[in-house]
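Examining the three-dimensional arrangement
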Amino acid sequence: MKNGILLVDKPQGWTSFDVLAKLRGVLGTRKLGHSGTLDPMATGVLAVFAGRATAAADRQLNHDKTYEATIRLGVRTDTGDITGTVLETAPVTVGQQELLEILPRFTGVQQQLPPMYSAVKVHGQPLYKAARAGKTVERTPREITVYSIEYLGGAGENEYRVRVACSKGTYIRVLAEDIGAALGVPATLSALRRTAAGVFSIEDAHTMNQLLEAAQNGGVPDEWMLGTDAVFAPLPELRVGEKVRTHLFNGCPTSRYPAQDGRYRVYDENGTFLGLAQVTGGVLRVEKLFCERE
Amino acid sequence: MHILETLAPVDAPQGSAVALGFFDGVHLGHRTVLGAAVDYAAEKGLTPAAFTFLLPPGSALKGGRIFSVEEKHRRIASLGIEQYQEAPFEAFCSLTPEDFVRKVLVECFSAKAVFCGDNFTFGAKAAGNVEMLHALCEPLGIRVCVVDMAKYKGENVSSTRIRAALEAGEIGEVNAMLGQPYAIDWPVTHGKGIGTSRLGAPTINQNYPKGALQPCCGVYITRICIDGKWYPAATGLGRRPTVDDEADAPITCETYVPDFSGNVYGTRPRLEFYEYLCPVRKFNSLQELHALICDAAEKSKAYFSKG
């Protein structure tokens, strides 16, 4: 059984859940989670949290994402991407020039309406359930931030590639449609690749083929599994002795602890990552352990 | 991206796909050339590389350089180039076109394919052109791919055209031709402290060094990246007639960041330009100047925070 984080380059056509289902066998653990669902059409980095590391998924400090997206002008679909049913087509009267002129305007904080085909819940029901039943539900816009948007070039007729760095919860499908709306033409997403998710980058991700091959040749190498502490890298490090370690495992506060107030990554004397802890007013308290007591 | 500042073999075990050019501005045309090399390398399992050069010390690029060396590197790296060689001009300027191909492309890069714009020249006195590159490379099994000039509003995109647009204050056109907002990252220097002491609007001073192209003087909507966070800002570029009415007063580049307060002296924050608001003019009082700065800052905040 493996603990830690495995970066997968999700293949096109797979759901993020398909990846987990396959990896249960490969990693020999049922305890798997991922952070940041990728649409089936999308490829790119999917961080899979295995074993004790699953609890780190929603404690990540950085949820920002970077995508390379291909926008197709002249078409709009029900799902917002090319896999959906076409709702509208229109002759394309604008080109690269107009797109280049409006792109900078999409930088910054903005309101985005979650798409009907999304897992966002309204009144406790995921929107896609209503969407599949052919219904439209009233949604409230959510605040997102586009940190940067960069033009990467033309990709084909009426298709353009952009790189977008954005906050958690940003739907690139909706951004593509919004860009189309600003240009006065329907638009949809024809390709999407996530190149970074939080601290994780596509360069460190493994393809499913690599993983399945490794599984057949004696299992996924240990060095492919990143330590849980990778997601907490910006926090200061704390090394604790045997006694404090026991306190942490017992959930018992350690008073008069000589460290500044704040949140810490805690390691034992051997350098094994134990988990997260907080110091307030000289008292050290465990926040979450990611290590077996043994 | 690995940066090599000498003419030496790069790390390309399977050979490389090399983009050739000076790439000042990393504009749409450059992006096409660099992007073609990166795509080809990915397809053929080669190393994506770029070859450019450093200007001889003391000589300036005609018209002034658009970006700092660091900003140029950042943009080229973000396009996926892994090996980047920036040799001193003297190291290869006397090479004949034949020697350039042999010494640079074959010996340093183990090039399997080269990519350049259709106006590319190389070798001593720019004797080599695209036809010559074809003639010299193809017998060696090096594929030559000449990329058409990128167009904007029906005309070719060039560094010269971008410089002209910058000098005209057409920042929207500049950003469109760059494919990404124009940005500077000059070190923050001490100003006269007037912003802090008398105006109530402290500014970050990032004056242009010699040899860098100064955009049109005026007030701009900008944003600045400090410690990894972007802040809306307003930047005044030019002389400061209200506080310094000497005829030979220095041109400064000052940025007011309404939502930030802290010490950034000596750092090199990135400042991106988005819109030209108005020219610099003389005000009768510091209060009027203060009102203009605040108004520009409000416009900037609105620009980066929509609806």
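Residues numbered from 1 in each chain as written. Chains lettered and ligands numbered in written order. Predicted model: local features only at pLDDT ≥ 70, side-chain atom pairs only at ≥ 80, totals over all residues. Heavy atoms only, no water.

As a measure of interface size, the accessible area lost when the parts come together is often cited. Residue and element names in this part refer to chain B. Per the domain assignment, the segments of chain B are domain 1 (2–152) and domain 2 (181–303). Taken together, the 10 residues of domain 1 in the interface contact 10 residues of domain 2. In total, domain 1 and domain 2 occlude about 880 Å² of area from one another, counting both sides; carbon and sulfur atoms represent 47% of this. A salt bridge links Glu 71 to Arg 270, with the nearest nitrogen and oxygen atoms 2.6 Å apart. At the surface where domain 1 touches domain 2, the tally comes to six residue pairs in polar contact (both at pLDDT 80 or more). (Domains from an automatic or database assignment. Contact = heavy atoms within 4.5 Å. Buried area = accessible area lost by both parts, 1.4 Å probe. Salt bridge = Lys/Arg side-chain N within 4 Å of Asp/Glu carboxyl O. Polar contact = N/O pair within 3.5 Å; in protein donor to acceptor, adjacent residues only side chain to side chain.)

Let's shift gears to the pattern of salt bridges. Counted according to the given criterion, the structure contains 28 salt bridges over all chains. Here Arg 31 of chain B makes a salt bridge to Glu 150 of chain A, at a shortest N to O gap of 3.0 Å. Taken as a pair, Arg 31 of chain B in helix 1 (residues 28–44) and Glu 150 of chain A in strand 10 (residues 142–156) lie in two separate chains rather than in one. Among the residues examined, Glu 150 of chain A registers a relative accessible area of 6% and is labelled buried. In this structure, Arg 245 of chain A engages Asp 268 of chain A in a salt bridge whose closest nitrogen and oxygen atoms are separated by 3.7 Å. One end of the pair, Arg 245 of chain A, is in helix 6 (residues 242–250); the other, Asp 268 of chain A, is in the loop between strand 16 (262–267) and strand 17 (273–280), and 23 residues separate them in sequence. (Helix = DSSP H or I, 4+ residues; strand = E, 2+ residues; numbered from the N terminus. Buried < 20%, exposed > 50% of the residue type's maximum accessible area, 1.4 Å probe, protein only.)

Turning next to the packing of aromatic side chains. Residues and elements named next belong to chain B. The tally for this structure, following the rule as stated, stands at 25 aromatic pairs over all chains. Each residue in the set Phe 22, Phe 51, Phe 53, Phe 89, Phe 92, Phe 100, Phe 109, Phe 120 and Phe 122 is aromatic and connected to the rest through ring pairs, giving one cluster. Just above the ring of Phe 22 sits the side chain of Lys 72; from NZ or CZ to the centre is 3.8 Å. Residue placement shows Arg 223 over the ring face of Trp 230; its charged tip is 3.8 Å from the ring centre. (Phe/Tyr/Trp six-rings, centres within 6.5 Å; stacked < 30°, edge-to-face > 60°. Lys NZ or Arg CZ within 6 Å of the ring centre and 35° of its normal.)

Residues and elements named next belong to chain A. On domain assignment, one finds that chain A holds domain 1 (4–61 + 199–227), domain 2 (65–197) and domain 3 (235–289). Centre-to-centre separation of domain 1 and domain 3, based on C-alpha positions: 29 Å. Counting residues at the interface gives four residues for domain 1 and six residues for domain 3. Counting each side, the surface lost to burial between domain 1 and domain 3 is near 410 Å², with a carbon and sulfur contribution of 57%. The largest contributions to the domain 1 side of the interface with domain 3 come from Arg 52, Arg 59 and Leu 61, which together make up 87% of the buried area. For the pair domain 1 and domain 3, the interface holds one salt bridge. Between Glu 287 and Arg 59 there is a salt bridge, with its nearest N and O atoms 3.8 Å apart.

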